[in-house]
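For reference, the chains in residue letters:
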Amino acid sequence: MGLLDILLGRTKPVAPDLDQLFGLPSAAVTLEAATGFVPTGSGAVCFATVEGAAFEQTHREVQALLDADTERDGPPVRLTRDGYGYSWLVSERTPDQLPQLVNDLHAVNSSMEVNGFGPQLLCSLAGFRNPGEDRALALVYLYKRGTFYPFAPLPGEGQRRDNALELRVRATLGNDLRLEEDLSRWFPVWGAPGL
């Protein structure tokens, strides 16, 4: 960062730290104890849609890497597109396999980064559910910020969030995860697979 950057108020972007994903299993224990939310076993990596042979090769590499896991039933990663035009690589595990799900998310992010698709990576999420209330929650990792935030859609019709729950989760997980302090970056992920 140079003098001109300082004078113009520019800041150096935060480098992605994919190892932050490994904090999710311990955060899940805290989350369950405080709020009753448990992992669903679903997770996803979101990125700006990429076309072409290079991406297809990366997708095949990720598929082969995760297919090597003999404990998994069914396809390890599926590619979907949402209604907003973003692509998602979705991984499904059993609810008790959160550490393995985190490994999947890390592997997908790392493979895309190594193959030059880092700028297209947007976020990763792990899904949680409160079985007593049938409520959904996602812990969303912002790739470019290296931080997490909770996303809690309200059940029913429409796109509404439970802001009170999101703030309660932030207070609960403050010691477990690096949380995004800028609330304007807590983007909704409506219709995200794995949620």
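The rules we used
Residues numbered from 1 in each chain as written. Predicted model: local features only at pLDDT ≥ 70, side-chain atom pairs only at ≥ 80, totals over all residues. Heavy atoms only, no water. Phe/Tyr/Trp six-rings, centres within 6.5 Å; stacked < 30°, edge-to-face > 60°. Helix = DSSP H or I, 4+ residues; strand = E, 2+ residues; numbered from the N terminus. Buried < 20%, exposed > 50% of the residue type's maximum accessible area, 1.4 Å probe, protein only. Lys, Arg positive; Asp, Glu negative; His and termini not counted. Salt bridge = Lys/Arg side-chain N within 4 Å of Asp/Glu carboxyl O. Polar contact = N/O pair within 3.5 Å; in protein donor to acceptor, adjacent residues only side chain to side chain. Axes fitted to C-alpha atoms, helices over the stretch in contact; angles between N-to-C directions. Parallel < 35°, antiparallel > 145°, perpendicular 65-115°, else oblique. Left-handed = near helix turned anticlockwise from the far one by under 90°. Contact = heavy atoms within 4.5 Å. Nonpolar A, V, L, I, M, F, W, Y, C, P; charged D, E, K, R; others polar.

Chemist: Help me understand the packing of aromatic side chains in this model?
Modeler: To describe a pair of aromatic rings, you give the distance between the ring centres and the angle between the ring planes. If you walk through the whole model with that rule in mind, you get 3 aromatic pairs. Here Phe151 and Trp190 contribute two aromatic rings whose centre-to-centre distance is 5.1 Å and whose plane-to-plane angle is 75 degrees, an arrangement assigned as edge-to-face. Separated by 39 residues along the polypeptide, Phe151 in strand 6 (residues 147-151) and Trp190 in the segment after helix 5 (163-173) bring together distant segments of the chain. On the basis of relative accessible area, Trp190 is assigned to the buried category, the value being 16%.

Chemist: Please explain the side chain of Asp82 as it appears in this structure.
Modeler: Note on placement: Asp82 falls in the loop between strand 2 (77-81) and strand 3 (86-92). Of the side chains bearing the opposite charge, Arg81 lies closest to the buried Asp82, which forms no salt bridge; the N-O distance is 8.0 Å. For Asp82, the side chain forms a polar contact with the main-chain nitrogen of Tyr86, separated by 2.9 Å. There is a polar contact of 2.9 Å between the side chain of Asp82 and the side chain of Trp88.

Chemist: Is there a simple way to explain the packing of helix 2 (residues 24-35) against helix 4 (residues 98-117) in this structure?
Modeler: To characterise two packed helices, one gives the angle between the axes of the helices and the distance between these axes. Between helix 2 and helix 4, the shortest axis-to-axis distance is 9 Å and the interhelical angle comes to 135 degrees. Put simply, helix 2 runs oblique to helix 4. The way helix 2 lies across helix 4 gives a crossing that is right-handed. Across the interface between the two elements, Leu24, Pro25 and Ala28 of helix 2 pack against Leu98, Pro99 and Val102 of helix 4. For the contact of helix 2 with helix 4, the residue count by class is 6 nonpolar, no polar and no charged.

Bear in mind that shape data such as this cannot, by itself, settle questions of function.
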